[in-house]
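# Working through the structure, step by step
Listed here are the chains, written in short residue letters.
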Amino acid sequence: QQPVQSPQAVILREGEDAVINCSSSKALYSVHWYRQKHGEAPVFLMILLKGGEQKGHDKISASFNEKKQQSSLYLTASQLSYSGTYFCGTEANAGGTSYGKLTFGQGTILTVHP
Amino acid sequence: DTGVSQNPRHKITKRGQNVTFRCDPISEHNRLYWYRQTLGQGPEFLTYFQNEAQLEKSRLLSDRFSAERPKGSFSTLEIQRTEQGDSAMYLCASSTRQGTNYGYTFGSGTRLTVV
């Protein structure tokens, strides 16, 4: 079943912060985050493995609450280059074996204005 | 490594024709995935290979779709008797479980238009 992302769209001015949420009904092994710009392929941002870790990548960070099967992506001090559609991809916890197959959310459109 | 390469970038075909797409993954990646993406939606899983073995195929995929990965290198996705509903972007991605970077590297995709 597809994870649910919220909000569906966000409009920001440069320098503002945003949070994008991803929620799954399944037990998860990992959560991936990708950014896709119009007409381009999705680009990997980061992966969070079960264990409730939080990771950072420049001014973009993410958390993963394994018990709630939720992940959040935090974008701080947004830049124009952050504009795009953000997807979470969830990998189900297949009892210790996983093919790495991801199920993607419907996406969150982020627009950053000057 | 130049990343994941997909060919062709665009394909326009008449309904009922067969089409074949090619994906060349990152050479050290043993996992290869095919996804389909339509406008405004996230990528939808089609099939997965580990080396040359096709380990999973989406139940949504009809018998008109077939994929191969001979010798665990490049992969092909064939759609027979295309229908207008097959129009979409077909994405290939590769990954590895080596080290700590499990993320997908996507190719630029093949945009299929069935007229």
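Nothing here was measured: the structure is a model prediction, and the numbers come from that model. (Residues numbered from 1 in each chain as written. Chains lettered and ligands numbered in written order. Predicted model: local features only at pLDDT ≥ 70, side-chain atom pairs only at ≥ 80, totals over all residues. Heavy atoms only, no water.)

The next point concerns the overall build of chain B. Each helix and strand in chain B was counted, giving 0 helices and 11 strands. The linear arrangement of helices and strands in chain B, starting from the amino end, is β-β-β-β-β-β-β-β-β-β-β. The C-alpha radius of gyration computed for chain B amounts to 14 Å, which stays within 12% of the reference 13 Å derived for 115 residues, consistent with globular compactness. When its C-alpha atoms are laid out on the principal axes, chain B stretches across 45 × 25 × 20 Å. Counting every position in chain B, which comprises 115 residues, the buried fraction comes to 48%. Partitioning the intrachain contacts of chain B with sequence separation of at least 6 by distance along the chain shows that 53% fall at a separation of at least 24. Carbon and sulfur atoms make up 44% of the accessible area of chain B, which totals about 5,900 Å². (Helix = DSSP H or I, 4+ residues; strand = E, 2+ residues; numbered from the N terminus. Rg over C-alpha atoms; globule rule 2.2 N^0.38 Å. Buried < 20%, exposed > 50% of the residue type's maximum accessible area, 1.4 Å probe, protein only. Contact = heavy atoms within 4.5 Å. Areas by Shrake-Rupley, 256 points an atom, 1.4 Å probe, with all protein chains shown as cover.)

Between side chains of opposite charge, a pair can form as their charged atoms come close. Residue and element names in this part refer to chain B. Going through the model one piece at a time under the given rule, you end up with 5 salt bridges over all chains. Across the salt bridge formed by Arg-36 and Glu-44, the nearest N and O atoms sit 3.4 Å from each other. By relative accessible area, Glu-44 is classed as partly exposed at 30%. The partner of Glu-83 in a salt bridge is Arg-64, and the shortest N-O contact between them spans 3.5 Å. Placement of the pair is Glu-83 in the loop between strand 8 (75–79) and strand 9 (88–95) and Arg-64 in the loop between strand 6 (53–57) and strand 7 (65–68), with a sequence separation of 19 residues. (Salt bridge = Lys/Arg side-chain N within 4 Å of Asp/Glu carboxyl O.)

Another point: the interface of chain A and chain B. Buried accessible area, meaning the area lost when the parts come together, often serves as the stated size of an interface. Each partner contributes to the interface: chain A provides 19 residues, whereas chain B provides 22 residues. Between chain A and chain B, the buried area comes to about 1,700 Å², and carbon and sulfur atoms account for 57% of it. Ranking the residues of chain A by area buried against chain B places Tyr-99, Lys-101 and Phe-104 of chain A at the top, with a combined share of 34%. Inspection of the chain A/chain B interface yields 1 salt bridge. Where Lys-101 of chain A meets Glu-56 of chain B, a salt bridge forms, and the shortest distance between an N and an O atom there is 2.8 Å. Our count for the chain A to chain B interface comes out at 7 residue pairs in polar contact (both at pLDDT 80 or more). Of all the secondary-structure elements, those providing two or more residues to the side of chain A that touches chain B are strand 4 (28–36), strand 5 (43–49) and strand 9 (84–92) of chain A. (Buried area = accessible area lost by both parts, 1.4 Å probe. Polar contact = N/O pair within 3.5 Å; in protein donor to acceptor, adjacent residues only side chain to side chain.)

Our focus in this paragraph is the environment of Gln-79 of chain A. Residues and elements named next belong to chain A. Inspection of the secondary structure assignment puts Gln-79 in the loop between strand 8 (70–75) and strand 9. The exposure class of Gln-79 is partly exposed, given its relative accessible area of 29%. For Gln-79 and Arg-13, which are 66 residues apart along the polypeptide, the C-alpha to C-alpha distance reads 8.3 Å. Leave out the neighbours within four places in its chain, and Gln-79 touches Glu-14, Lys-59 and Val-112.

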